[in-house]
Amino acid sequence: MVHFTAEEKTAITTTWAKVNVEETGGEALGRLLVVYPWTQRFFDSFGNLSSASAILGNPKVKAHGKKVLTSFGDAVKNLDNLKATFSKLSELHCDKLHVDPENFRLLGNILVICLAEHFGKEFTPEVQAAWQKLVICLTEHFGKDFTPEIQAAWQKLEADVANALAHKYL
Amino acid sequence: IRPGSDDIQHHGQKAGEALTRTFLSFPTTKTYFPHFDLSPGSQDVKGHGQKVADALSQAVANLDDLPGTLSKLSDLHAHKLRVDPVNFKLLSHCLIVTLACHLSKDLTPEAHASMDKFFASVATVLTSKYR
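Conventions we followed
Per chain, the residues get numbers from 1 upward, laid out in the order the sequence is written. Each chain is given a letter, starting from A, and each ligand a number, starting from 1, according to the order in which they appear as written. In keeping with the model being predicted, local features are shown solely for residues with a pLDDT of at least 70 and side-chain atom pairs are shown and tallied solely at 80 or more, while totals for entire chains, interfaces and linings include all residues. Derived side-chain values reflect all non-hydrogen atoms in the structure, with water molecules and hydrogen atoms excluded from consideration. UniProt positions are given in the numbering used here, feature names are shortened, and annotations may be inferred rather than shown by experiment. The numbering of helices and of strands both runs from the N terminus, where a helix is a DSSP run of H or I of at least 4 residues and a strand a run of E of at least 2. The buried label goes to any residue with under 20% of its type's maximum accessible area, the exposed label to any with over 50%, and the partly exposed label to all in between, with areas taken from a 1.4 Å probe on protein chains only. Residue contacts are defined here by distance: any two heavy atoms, one from each residue, within 4.5 Å place the two residues in contact. Summed over both partners, the accessible surface that disappears when two parts come together, traced with a 1.4 Å probe, is what is meant by buried area. When a carboxyl oxygen of Asp or Glu lies within 4 Å of a side-chain nitrogen of Lys or Arg, that pair is called a salt bridge. By the criterion applied in these results, polar contacts are pairs of N or O atoms within 3.5 Å in which, for protein atoms, one can donate a hydrogen and the other can accept it, and in which residues neighboring in sequence qualify only through two side-chain atoms. Ten residues, namely Ala, Val, Leu, Ile, Met, Phe, Trp, Tyr, Cys and Pro, are considered nonpolar, four, namely Asp, Glu, Lys and Arg, are considered charged, and the remaining ones, Gly among them, are considered polar. We define the nonpolar core as a collection of buried residues of types Ala, Val, Leu, Ile, Met, Phe, Trp, Tyr and Cys that are connected through side-chain atoms lying within 4.5 Å of one another. Angles here are taken between N-to-C directions and fall from 0 to 180 degrees, while the axes themselves are lines fitted to C-alpha atoms, restricted in helices to the stretch in contact. An angle below 35 degrees is treated as roughly parallel, one above 145 as roughly antiparallel, one from 65 to 115 as roughly perpendicular, and anything else as oblique. The crossing is said to be left-handed when, going from far helix to near helix, the turn is anticlockwise and less than a right angle, and right-handed when the turn is clockwise.

Looking at an unreviewed UniProt entry, chain B carries the name Globin domain-containing protein, with the source organism given as Sarcophilus harrisii. Reading the Function (unreviewed entry) entry of the UniProt record for chain B gives the comment "Involved in oxygen transport from the lung to the various peripheral tissues." Looking at chain B in UniProt, the text filed under Sequence similarities (unreviewed entry) is "Belongs to the globin family."

Within an unreviewed UniProt entry, the label attached to chain A reads Globin domain-containing protein, and the organism entered is Sarcophilus harrisii. What UniProt records for chain A under Sequence similarities (unreviewed entry) is the sentence "Belongs to the globin family."

Below, the structure written as structure tokens:
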């Protein structure tokens, strides 16, 4: 369990108090989809993602970004208990949505960049380090349910499906 | 990429800041600099920031031939420095964070994507002779 020092908590909560969750959420998710276009794979139902301006103006992207960042807000309020706070969301992303944990790392870093943009010089190396610790922690929590055992079960299922599909070829 | 790289004088400073951010956010990166004074603002960090900035400026001026331009640095990283590839992503991220702090809204999503792609390409070239 990662421990945040008093200074780190202050850095995180002070920054967070000045964040416009709706605006920054849409921006962060939008940037993720622009900078790492392969992440669009999870959002087929979102409509037009054909260009940077389409993505950034897309109302579904904005709405979902706000949802995601609101959850980040829960993390900020529960820095000492991230595991319990995110238990259900972690299960959802692993068992239902099947999101590669690498994507959480990417989104976390995009959020850090959005914060840097908004806060400029105020986003000192020390403040950044506190946020990196939080996003790394969240990435680990969201990724932890994808255990080696669960992965092995999926590998086996995928191999069985592939064999079944190839069966008629011979 | 080029507009983001125009402010030549301050490149060294920005690269130095990016290094400081990298050492603070990702302490494992410090293992490659046991011989350095890594306190913020140290001459070692400033000097190294300038070196990194100069190499990146050369790369920007030769976007169509990164392997040729960075060949010597590529050899250096493969045979002498042997920095684990994962660390290039960490420094690249902190370079973008630094740019974001200084450029604010001018670091548009498109510019951000270009810089990310550029740093990833540089990293690929620098690790291309590893094995």
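Anyway, onward from the coordinates.
> Sorry, what's going on with the overall build of chain A here?
Within chain A, the regular secondary structure consists of nine helices and zero strands. Starting at the N terminus and ending at the C terminus, chain A contains elements arranged as α-α-α-α-α-α-α-α-α. The buried share of chain A, taken over its 170 residues, is 45%. A separation threshold of at least 6 residues defines the contact pool for chain A, and within that pool the share at least 24 residues apart is 72%.

> It is not clear to me how the interface of chain A and chain B should be interpreted in this structure. Could you clarify?
When the parts of a complex come together, some accessible area is lost, and that lost area is often taken as the interface size. Contacts between chain A and chain B engage 25 residues on the former and 22 residues on the latter. Buried surface at the junction of chain A and chain B, both sides included, amounts to about 2,000 Å², of which 60% is carbon and sulfur. Considering only the surface of chain A that becomes buried against chain B, Arg31(A), Ile113(A) and Glu117(A) emerge as the three largest contributors, covering 28% of it. Seen at the junction of chain A and chain B, the total is one salt bridge. Counting across the chain A and chain B interface gives 11 residue pairs in polar contact (both at pLDDT 80 or more). Listed by contribution, the elements that provide at least two residues to the side of chain A that touches chain B are α2 (21–35), α3 (52–57), α7 (102–119) and α8 (125–143) of chain A. It is α7(A) that provides the largest number of residues to the side of chain A that touches chain B, a total of eight residues. When the residues that make up the side of chain A that touches chain B are grouped by side-chain class, the tally is 13 nonpolar, six polar and six charged.

> I'm lost on the nonpolar core in this one. Help?
Most often, soluble globular proteins have nonpolar side chains that are buried together. Membership of the largest hydrophobic core comes to 77 residues, with the highest contact counts inside it found for Ile12(A), Leu82(A), Phe123(A), Trp131(A), Leu134(A) and Phe118(B). Element by element, the count of residues in this core is highest for α7(A), at 11 residues. When sequence neighbours within four positions are dropped, the list of residues in contact with Trp131(A) reads Ala11(A), Ile12(A), Thr15(A), Trp16(A), Val76(A), Leu111(A), Val112(A), Leu115(A) and Phe123(A).

> Honestly, the packing of α2(A) against helix α4 (residues 59–77) of chain A in this entry has me stumped. Any pointers?
The description of two helices packed together rests on the angle between their axes and the distance between the axes. Residues and elements named next belong to chain A. Their axes nearest at 7 Å, the elements α2 and α4 cross at an angle of 110°. Here α4 runs roughly perpendicular to α2, going by the angle between their axes. α2 and α4 meet at a crossing whose hand is right-handed. Mapping the contact onto sequence places Val-21, Glu-22, Thr-24, Gly-25, Gly-26, Leu-29, Gly-30 and Leu-33 in α2 and Val-61, Lys-62, His-64, Gly-65, Lys-66, Leu-69 and Thr-70 in α4. By residue class, the composition of the contact of α2 with α4 is five nonpolar, seven polar and three charged.

> Quick question: what am I supposed to make of the pattern of salt bridges here?
Opposite charge on two side chains makes pairing possible when the charged atoms of those side chains draw close. By the definition in use, this model includes 10 salt bridges over all chains. Between Glu27(A) and Arg31(A) there is a salt bridge, and its shortest N-O distance comes to 3.9 Å. Residue Glu27(A) and its partner Arg31(A) are both found in helix α2; the two are separated by four residues, about one turn of the helix. By relative accessible area, Glu27(A) is classed as buried at 15%. Here Arg31(A) falls in the buried class, since its relative accessible area comes to 2%. Two residues, Glu17(B) and Arg21(B), come together in a salt bridge whose shortest N-O distance is 3.0 Å. Remark: Arg21(B) and Glu17(B) occur in helix α1 (residues 11–25); sequence separation between them is four residues, near one turn of the helix. Given the relative accessible area of 21%, Glu17(B) is considered partly exposed. The network of salt bridges with shared partners includes Glu27(A), Arg31(A), Glu117(A) and Lys105(B).

> How should the packing of α7(A) against helix α5 (residues 86–103) of chain B be read in this particular structure?
Two elements in contact, α7(A) and α5(B), have axes whose closest approach is 7 Å; the angle formed by their N-to-C orientations is 30°. Here α5(B) runs roughly parallel to α7(A), going by the angle between their axes. Between α7(A) and α5(B) lies a crossing of right-handed hand. Across from Arg105(A), Asn109(A), Val112(A), Ile113(A), Ala116(A) and Glu117(A) in α7(A), the residues of α5(B) making contact are Lys89(B), His93(B), Ile96(B), Val97(B), Ala100(B) and Cys101(B).

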